[in-house]
Amino acid sequence: MTQQPPPAGPADPPDGPAPPDLPDRVALTYGELDLSTVPAFAGGFINFGYWTGLPGPAGRPLTEADRVRSEQDLYRLVLGTFDRPQGRTALEVGCGRGLGSALALREFGLGTVLGMDAHPDQVARAREANAALLAPSSDASGRLTFLLGAAERIPLPDGGVDCLFSVEAAQHFRDPAGFAREAARVLRPGGRLALTTFFARTREAARVLPTVLPPYADGLDVPHVVDEVAATLTAAGLREVRVRSIGDGVWESYDRYMSQQPELRDEWPRRYLTAYETGLLDYYVLTAGAG
């Protein structure tokens, strides 16, 4: 089983129409194929993970529990960039099954968390996966909400959010500048943005990546250049835009986990480590503030 579904071909179209504004491959991957069920994404968070905080000696075999912990820790790394989030309102852009939104609510003391995804199937899954927290009898009742919306057209009023975060979703954005403008619009003055995902290091790398990794070739991901994404945040009026590479805590351990799983060790997703080591891409955290 691959980390991501195999590349789409002429005989592999989506079953039915794509949700509005979603490329066919994105609609299929997060709809009918349900990427969260792929074994390499144990736990259903759908990210590569941040592996530096795992317990035990270095070099020990990595377990499925470690894989889930790495995915949770990537969220914790991003959410930890927010100063005093207690009681504040947060928006996750690209929430998937909503497991990270729920973690943000449970562990970071946020007052309200809004999880938004562009795929209606993912919004439905998020509501189902978090039914206990959404129930009227829950202590979290009214504090966790899932809604349908696109990164470049966020269905929220101006200045309604204190914290905006996005974990491994921006590689799907077709309009990063549109997302940047929307982020600047919905954040309150003094609000903060934090996103993390993998980006191309240079324009030349962006041209090469589709020849190395199928998700870039088949339209699932877009090889955005990290400095250009950061520039869109600045151009939208966000301030103190910072870019931090965290690839040393992502790629090698992810690849080691894959190599230790008999059903995963020979699959093409292991090419991500090669792309990292040859300077084509890296994993980053981008942060910024609203004026």
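Scope of this entry: the structure provided in the associated data block. (Residues numbered from 1 in each chain as written. Predicted model: local features only at pLDDT ≥ 70, side-chain atom pairs only at ≥ 80, totals over all residues. Heavy atoms only, no water.)

### Digging into the pattern of salt bridges
Rules: The term salt bridge refers to a pairing of a side-chain nitrogen on Lys or Arg with a carboxyl oxygen on Asp or Glu at a separation within 4 Å. The secondary structure listing takes helices from DSSP runs of H or I that are at least 4 residues long and strands from runs of E that are at least 2 residues long, numbered from the N terminus. Each residue is assigned to one of three classes by its accessible area relative to the maximum for its type, calculated with a 1.4 Å probe on protein chains only: buried under 20%, partly exposed between the two thresholds, exposed over 50%.
Enumeration over the complete set of coordinates arrives at 20 salt bridges. The residue Asp162 makes a salt bridge to Arg88 at a minimum N-O spacing of 4.0 Å. Of this pair, Asp162 sits in strand 4 (residues 161–167) while Arg88 is found in the loop between helix 2 (64–79) and strand 1 (89–93), placing the two residues 74 residues apart along the sequence. Taking relative accessible area as the criterion, Asp162 reaches 14% and is therefore assigned buried.

### Structural notes on the sheet that holds strand 5 (residues 187–200)
Note the threshold: Strand pairing is assigned whenever DSSP detects at least two bridges linking the two strands. A fitted line through C-alpha atoms represents every axis, and for helices the fit uses only the stretch in contact; the resulting angles, taken between N-to-C directions, go from 0 to 180 degrees.
Across the sheet, which stays open at both edges, the seven strands sit in the order 3-2-1-4-5-7-6 with mixed pairing between neighbours. Because the sheet does not close on itself, it has two edges, and the strands there are strand 3 (144–148) and strand 6 (239–245). Direction aside, neighbouring strands of the sheet carry axes that sit 15 degrees apart on average. Alignment of strand 1 against strand 2 (residues 112–117), held across five bridges, turns out to be parallel. Looking at the pairing, Ala90 lines up with Val113 of strand 2.

### Regarding the pairing of strand 5
Both faces of the sheet carry side chains from a regular strand, because those side chains alternate between them. Where we set the bar: Note on handedness: a crossover is taken as right-handed if, strands pointing away from the viewer, the path from the first strand over the helix to the second is clockwise.
Counting buried positions along strand 5 gives ten out of 14 residues, so the element sits mostly inside the fold. Note that strand 4 and strand 5 share six bridges and pair parallel. Counted as the bridge partner of Phe165 is Ala194 from strand 5. Handedness of the crossover joining strand 4 and strand 5 through helix 6 (residues 176–186): right-handed. When strand 5 meets strand 7 (residues 281–289), the two strands line up antiparallel, connected through nine bridges. In the strand pairing of strand 7, Ala200 is matched with Leu281.

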